[in-house]
Structure formats: C-alpha cells, structure tokens
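Architecture at a glance
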Amino acid sequence: MSELTQSSAPRRFIGGQLLGSSQLMLGVILAVLCIAISIAAPQFYSEANIIAILRQCALVLIVASGMTMLIITAEVDLSVGASLAFVGCIGMAVLNSTHSLTLGLLAALAFSGAVGLFNGLVVTSLKVNSLIATIGTMMMLQGGVYLFTREAVQNHHRLAGFTDLGAGYIGAIPLPVVVAAVIFALAAATLRFTTLGRYLYAVGANERAVRLSGVRSQRLKLFAFVVTGLCVGVAGMILSSLMNAGQPTAGRGFELTVIAAVILGGTSLLGGRGSLLGTLLGVLVLKVIDNGIIILGWNQDLQMVVPGIVIILATYLDIVRNRANVG
C-alpha cells in the first residue's frame with residue numbers, strides 16, 4: 001500500500017495545482033465568451049435561450065460525468081454516441097408496446113449498462129485497447145440500430161411522464177438539468193470523498209502499484225465502463241423525450257463533444273488526474289460556443305468543427321501538464 005501512496009500522491013498534488021489553474025482559465029474563457037456573444041446578440045441572455053443552453057449542457061454533462069471517471073482510469077469509450085441513439089430507439093419501442101415509463105427506463109438502462117459491461121469485459125478480460133474496443137462496439141451499434149429499426153421509432157404511447165423527461169420542470173429548473181446535477185454531484189462525491197474514488201485515480205496513475213496493493217484494478221475499470229454506460233442510458237431517454245422519437249442517427253458526433261469537454265476540463269488521457277468541476281466548465285464552454293454559432297447565424301457545421309479543434313488543443317495542453325508532472 002505504501003508504493004501506491006508514494007507513486008500517486010506527488011502526481012496528484014502537482015496535477016491538482018495544474019487543474020486549478022486550468023479551471024481558472026476555463027472560467028475566464030467562459031466569461032469572455034458570454035460577454036462577447038451577448039454584445040453581438042443581446043438575445044443570448046433571454047430566458048428561452050438560457051434554458052436551451054442548460055438543456056443541451058445537461059445531456060452532455062450526464063455522460064461526461066461517467067466519462068470523466070473512465071478517463072481517470074486511463075480508458076476511454078468512443079461508443080457512447082452510437083449507444084445513445086440505440087438506447088432511445090429501444091426505450092421508445094418498449095414504451096410503445098407496454099405503455100409503462102418504468103419498463104421503458106429499465107429497458108434503456110439495462111441495454112446501456114450491458115453495452116458498458118461488454119466494453120469493460122473486452123478491455124479487462126481480452127486486453128484489447130479501449131480505443132480499438134469501443135470503436136468496434138460503436139460500429140456494431142451503428143449497424144445494429146438499423147437492424148432493430150430502419151426508421152425513427154415514433155411516440156405512439158403519449159405518456160405525460162415521458163414528455164416531462166425532456167420538457168418538464170422542477171420549479172423553474174428544467175428536469176434534465178436537475179437529473180444532470182444529481183448525477184454530477186454523485187460522481188463528484190465519489191471521486192473526491194470515497195475510497196473508491198481514490199482507487200480510480202490510483203489505477204490511472206499507476207495500475208501496477210494498485211495491483212501490488214491487493215486491489216483488483218480490472219474491477220475498477222469495469223465499474224467505470226458500466227457507470228458510463230448507465231449515464232448514456234439516462235441521457236438517451238432524455239434525448240428521445242426531447243425529440244419525441246427514437247432516432248437511429250441521434251448520437252452522431254456526441255462522443256466527440258463528451259470527450260472534448262472532459263479533456264478540455266483538464267482530465268488527462270493518460271489517467272490519474274482530472275476533476276468533474278473542470279468537466280462542467282468544459283461542457284459549458286463548448287455549449288456556449290455552439291449556442292453562439294446558432295444565434296449569430298454562422299454556418300452550423302462549425303458545431304462539429306469546434307470539438308475537433310478543442311480535442312487537439314486540449315490534448316496538447318495535456319502533454320504540457322504531463323511534462324510538468326515529470327519535471
């Protein structure tokens with residue numbers, strides 16, 4: 001256990017300092033973006049626009065909360081976008097056939113959790129690199145959803161509770177935002193205050209030391225994959241509610257936005273370092289940029305270009321952080 005403590009503590013201390021500075025920088029960038037866009041388009045601060053931004057952020061933040069935990073263990077899941085679309089189709093199909101919101105939600109969570117479990121077993125048992133493994137899963141899901149349905153699964157049940165998943169409110173706060181806040185808080189508390197969270201950081205920082213300490217690192221990674229999958233299930237049902245249909249193409253590019261937000265927030269692709277506060281700021285920055293592109297009337301294809309640029313820049317910053325850690 002001493003080796004685990006000695007190997008991971010220095011890295012986390014220095015990483016914490018760097019994370020703090022990166023979060024401050026993200027906060028400044030977010031403030032500048034908000035001011036600049038509001039000057040060019042005063043409707044940016046309208047109630048309807050703010051609610052739209054919050055709903056968009058909620059979907060990404062739900063999955064990014066799980067993805068942050070996964071990337072901290074030095075793994076990644078590129079199948080979340082394809083799974084998101086499949087989940088919506090399955091959930092809607094079950095709702096149509098049973099007229100039960102509970103069964104629809106359970107079916108969606110069971111499917112998405114199974115996808116996460118499958119990814120985790122491929123990585124931990126078959127020793128396939130997570131990047132390659134989840135690309136394979138992504139391709140299977142993208143094809144599989146068209147075997148399941150050739151077109152969008154329309155809403156034939158008209159359940160009010162399902163509509164409320166995406167469009168409902170608790171007080172003045174949209175329900176998706178409340179759900180995202182709860183998941184975010186649970187994930188943040190797990191990482192910051194529990195032994196499980198400390199081990200997730202440790203397995204990403206030095207997996208060999210974790211194994212030598214008697215902890216089964218593969219189970220920790222499997223846990224992170226399943227949690228990410230379950231988060232996709234929640235987000236997928238909210239998205240299908242917002243669209244009032246299960247769309248086979250709904251998740252295209254979603255995985256890039258999620259991963260870009262996590263990396264932009266300071267979580268290292270090499271594992272062992274990251275924070276959910278940084279992820280939250282990363283989500284806000286990306287979605288404010290997306291919203292700005294729309295209300296300023298720019299070409300909306302830029303919404304796909306921005307995450308690509310962010311991934312490259314954030315990965316470079318990650319390399320700089322790691323060099324500082326080594327130094």
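Residues numbered from 1 in each chain as written. Predicted model: local features only at pLDDT ≥ 70, side-chain atom pairs only at ≥ 80, totals over all residues. Heavy atoms only, no water.

In the structure shown here, the tally under the stated rule is 4 salt bridges. Measuring nitrogen to oxygen at the nearest pair gives 2.7 Å for the salt bridge that ties K221 to E75. Taken together, the residues K221 in helix α10 (residues 217–243) and E75 in the loop between α2 (47–72) and α3 (80–98) connect sequence positions 146 residues apart. The burial state of K221 is the same as that of E75; both residues are buried. K221 is the partner of E207 in a salt bridge, and the nearest nitrogen-oxygen pair spans 3.1 Å. Taken together, the positions of E207 in helix α9 (residues 207–212) and K221 in helix α10 put the pair 14 residues apart, joining distant regions of the chain. For the pair E207 and K221, a shared accessibility class is recorded, and that class is buried. Among the charged side chains, a salt-bridge network with shared partners connects E75, E207, R211 and K221. (Salt bridge = Lys/Arg side-chain N within 4 Å of Asp/Glu carboxyl O. Helix = DSSP H or I, 4+ residues; strand = E, 2+ residues; numbered from the N terminus. Buried < 20%, exposed > 50% of the residue type's maximum accessible area, 1.4 Å probe, protein only.)

A word on the confidence of the model for the protein chain. When the pLDDT values of the protein chain are averaged, the result is 90; 93% of them are 70 or greater. Per-element averaging of pLDDT across the protein chain places helix α1 (residues 2–40) at the bottom with 69 and helix α4 (residues 101–124) at the top with 98. Counting interchain partners and residues more than four positions distant, the pLDDT-below-50 stretch residues 5–16 has 18 contacts. (pLDDT = per-residue confidence, 0-100. Contact = heavy atoms within 4.5 Å.)

One pass over the structure, following the stated rule, counts 3 aromatic pairs. Where F44 meets Y45, the ring centres are 5.0 Å apart and the plane angle is 70°; that geometry is what we call edge-to-face. When the centroid spacing of 4.7 Å and the interplanar angle of 45° are considered together, the rings of F86 and F111 count as tilted. Note that F86 is positioned in helix α3 and F111 in helix α4, a separation of 25 residues in sequence. Note on accessibility: F86 and F111 belong to one class, buried. Here the aromatic residues F86, F111 and F148 are joined through ring pairs into a cluster of three or more. (Phe/Tyr/Trp six-rings, centres within 6.5 Å; stacked < 30°, edge-to-face > 60°.)

A few words now on the packing of helix α7 (residues 175–193) against helix α12 (residues 276–295). Helix packing for two helices is described by the angle between their axes and how far apart those axes are. Between α7 and α12, the shortest axis-to-axis distance is 10 Å and the interhelical angle comes to 145°. On α12, the residues that touch F184, A187, A188 and L191 of α7 are L276, L277 and L280. (Axes fitted to C-alpha atoms, helices over the stretch in contact; angles between N-to-C directions.)

With that out of the way, let us pick up the environment of A85. Positionally, A85 belongs in helix α3. Put simply, A85 and T249 are 164 residues apart on the chain and 6.2 Å apart in space, counted from C-alpha to C-alpha. Residues in contact with A85, not counting those within four places in the same chain, are Q247, P248, A250 and G251.

We now examine the packing of α2 against helix α11 (residues 254–264). With their axes 9 Å apart at the nearest point, α2 and α11 run at an angle of 60° to one another. On the basis of their axis angle, the class for α2 and α11 is oblique. Seen along the crossing, α2 lies across α11 with a hand that is right-handed. Across the interface between the two elements, L59, V60, V63, A64, M67, T68 and I71 from α2 touch F254, T257, V258, I259 and V262 from α11. (Parallel < 35°, antiparallel > 145°, perpendicular 65-115°, else oblique. Left-handed = near helix turned anticlockwise from the far one by under 90°.)

End to end, helix α5 (residues 130–148) covers 26 Å across 19 residues, agreeing with the expected 27 Å (1.5 Å per residue, within 8%). In this structure, the buried side of α5 is in contact with α3, α4, α10 and α11. A distance of 2.8 Å separates the backbone nitrogen of L131 from a side-chain oxygen at the start of α5, and that oxygen is part of N129. (Expected span 1.5 Å × (residues − 1). Polar contact = N/O pair within 3.5 Å; in protein donor to acceptor, adjacent residues only side chain to side chain.)

It is worth spelling out α2 at this point. Taking 1.5 Å of rise per residue, the 26 residues of α2 would be expected to cover 38 Å, and the 36 Å separating its terminal C-alpha atoms lies within 8% of that figure. For α2, a buried count of 20 out of 26 residues is recorded, marking the element as mostly surrounded by other parts of the structure. Positive phi shows up at A74, right after α2, with a value of about 75°.

The subject of this paragraph is the environment of I259. Of note, I259 is situated in helix α11. Judged by relative accessible area, which is 7%, I259 ranks as buried. In sequence terms I259 and R321 are 62 residues apart; their C-alpha atoms lie 18 Å from each other. Discounting chain neighbours no more than four positions away, the residues touching I259 are M67, V76, D77 and L78.

Our next topic: a nonpolar patch on the surface. On the surface, M25, I29, Y316, L317 and V320 cluster together to form a nonpolar patch covering roughly 420 Å² of accessible area. Sorting the residues of the nonpolar patch by element identifies α1 and α13 (302–326) as the ones contributing at least two each. The element contributing the most residues to the nonpolar patch is α13, with 3 residues. With respect to the secondary-structure elements, Y316 resides in helix α13. (Patch = residues over 30% accessible without salt bridge, like charges linked within 9 Å, V, L, I, M, F, W, Y side chains within 5 Å. Areas by Shrake-Rupley, 256 points an atom, 1.4 Å probe, with all protein chains shown as cover.)

Attention now goes to the side chain of R55. With respect to the helices, strands and loops of the structure, R55 is situated in helix α2. It is D164 that comes nearest to the buried, bridge-free R55 among opposite-charge side chains, at 8.8 Å. Among the polar contacts listed, one links the side chain of R55 to the backbone oxygen of G166, at a separation of 2.9 Å. (Lys, Arg positive; Asp, Glu negative; His and termini not counted.)

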